[in-house]
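# Structural features, examined
Here's the letter readout for the chains.
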Number of protein chains: 2
Amino acid sequence: MLAQPTHFTAGAHGRWQITAIEPVIGGTLPAADRLAVGPPGRGAWQLSGIGSNLRYTTADERDALQPVSAPLDRGEALHGVLIPISKSTAWWALAQDERRAIYARSGHFSIGKEYLPEVARKLYHCRDLGGEFDFLTWFEFAPEHQGAFDKLLKRLRETEEWRHVAREVEVRLVRATDGEAPKPGE
Amino acid sequence: MLAQPTHFTAGAHGRWQITAIEPVIGGTLPAADRLAVGPPGRGAWQLSGIGSNLRYTTADERDALQPVSAPLDRGEALHGVLIPISKSTAWWALAQDERRAIYARSGHFSIGKEYLPEVARKLYHCRDLGGEFDFLTWFEFAPEHQGAFDKLLKRLRETEEWRHVAREVEVRLVRATDGEAPKPGE
């Protein structure tokens, strides 16, 4: 019902300064200085996704997450990370219970929960939009939680679920300090 | 990973003749003579969706469906029905296991299976595309199975799951007999 995509535009403008772009699995993304998050724009590249309904999370898991989750845009969360991910064709050919079983065996929910509320996160879906990635995962945290965030990534990448990841790029960001005003709507 | 949407364009052209457009829940769609299925076109209205991964079906259910399912475009399947559907905001706010439980209690899988292989069906997703519907459901059957198809619809609409349907329009079609060639790519 009239979902609005969020656009991540890498180029010369935006509230986030890009400090590194690392290909983790498969090809990388072009270099750029800044990342804008919000309405569509022009730049070296643009990825778009939609905050959609829960696909694997159960009601019990949702209820356990809610009290410890953190919102985006906290004043102290000066570090951001955008990790676009695609899963394999074989993954998408699995039935719902087969994908959920791998997600559960991999501890995706419980590992993620350990890093709350320090690491705020949001998941955008883009597989049905026909883009080059299936998901855009977004994280924000204070600089002192950088080590915890790196540990979270390492643990997830060691799971059975990650064997089904076909492409993954890590885009590291810091909140720009030059006082550039956000673009309208950003 | 580069999904290609299918477009349903109602207007003056197309392989299917529109015999009725009935609003079931909420507002209707504009009248038109023909429906083309395939690449984008121009017409009174156009709905687009993507054949995507299974969202509720388990591996056991998928394996039970496969041997009895029918392909689209059988020579005898001269009747078609397009039913665009949206579910409520409350439905989409439910966790995955809550939606699956309603789907299972409603017998969605078992009711549908009873009408195979007579009624061929395909589900297109469009919620993440930002259109006015969440799904486009498509059915094809031979004229002598019209009664069975009507029974299938009636039974599904009596289920708990259907209380979460916010909008539903029924577009009845017959394969056009005037020999109009399908448009390129149709």
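## Digging into the pattern of salt bridges
Summed over all chains, the structure comprises 28 salt bridges over all chains. Here A:Arg100 and A:Glu61 are joined by a salt bridge, their closest N and O atoms 2.9 Å apart. Here A:Arg100 is found in helix 3 (residues 96-105), whereas its partner A:Glu61 is found in helix 1 (residues 59-65), with 39 residues between them in sequence. On the basis of relative accessible area, A:Glu61 is assigned to the buried category, the value being 12%. In this structure, the salt-bridge partner of A:Asp128 is B:Arg55, at a minimum N-O distance of 3.0 Å. Linking A:Asp128 in the loop between strand 6 (120-125) and strand 7 (135-141) with B:Arg55 in the loop between strand 4 (45-49) and helix 1 (59-65), this pair reaches from one chain into another. Classification of B:Arg55 as buried rests on a relative accessible area of 17%.

## Brief notes about the relation of the copies chain A and chain B
With an axial shift of 0.0 Å and an RMSD of 0.0 Å, the rotation relating chain A to chain B amounts to 180 degrees. The symmetry that links the two subunits is that of a two-fold axis. Mapped onto chain B, 97% of the interface residues of chain A again fall at the interface, so both copies present the same surface.

## Quick word on the pairing of strand 2 (residues 16-25) of chain B
Residues and elements named next belong to chain B. Sheet topology places strand 2 next to strand 3 (residues 34-38); 2 bridges connect them, and they run antiparallel. When the bridges of strand 3 are listed, Trp16 appears paired with Leu35. Looking at chain direction, strand 2 and strand 8 (residues 165-175) are connected through 8 bridges and run antiparallel. Across the sheet, residue Glu22 finds its bridge partner in strand 8, namely Glu170.

## Focus on the packing of aromatic side chains
All names here are of chain A. Under the definition given, this model contains 16 aromatic pairs over all chains. A ring pair is formed by Phe8 and Trp138, whose centres lie 5.5 Å apart and whose planes are at 45 degrees; its orientation type is tilted. One end of the pair, Phe8, is in strand 1 (residues 6-11); the other, Trp138, is in strand 7, and 130 residues separate them in sequence. We note that Phe8, like Trp138, is buried. Within the aromatic cluster, the residues linked to one another by ring pairs are Phe8, Trp16, Tyr124 and Trp138. In this arrangement the basic side chain of Lys87 is found over the ring face of Trp91, its NZ or CZ atom lying 4.1 Å from the centre.

## Notes on the interface of chain A and chain B
Every contact between the two is made by 32 residues of chain A and, on the other side, 31 residues of chain B. Here chain A and chain B share an interface that buries about 2500 Å² over both sides, 46% of which is from carbon and sulfur atoms. Scanning the region where chain A abuts chain B turns up 4 salt bridges. The element that contributes the greatest number of residues to the side of chain A that touches chain B is helix 3 of chain A, accounting for 4 residues. Broken down by class, the residue content of the side of chain A that touches chain B amounts to 12 nonpolar, 11 polar and 9 charged.

Cut-offs and rules
Residues numbered from 1 in each chain as written. Chains lettered and ligands numbered in written order. Predicted model: local features only at pLDDT ≥ 70, side-chain atom pairs only at ≥ 80, totals over all residues. Heavy atoms only, no water. Salt bridge = Lys/Arg side-chain N within 4 Å of Asp/Glu carboxyl O. Helix = DSSP H or I, 4+ residues; strand = E, 2+ residues; numbered from the N terminus. Buried < 20%, exposed > 50% of the residue type's maximum accessible area, 1.4 Å probe, protein only. Least-squares fit on C-alpha atoms with pLDDT ≥ 70 in both. Contact = heavy atoms within 4.5 Å. Pairing = 2+ DSSP bridges. Phe/Tyr/Trp six-rings, centres within 6.5 Å; stacked < 30°, edge-to-face > 60°. Lys NZ or Arg CZ within 6 Å of the ring centre and 35° of its normal. Buried area = accessible area lost by both parts, 1.4 Å probe. Nonpolar A, V, L, I, M, F, W, Y, C, P; charged D, E, K, R; others polar.

Taken by themselves, the reported measurements are silent on function.
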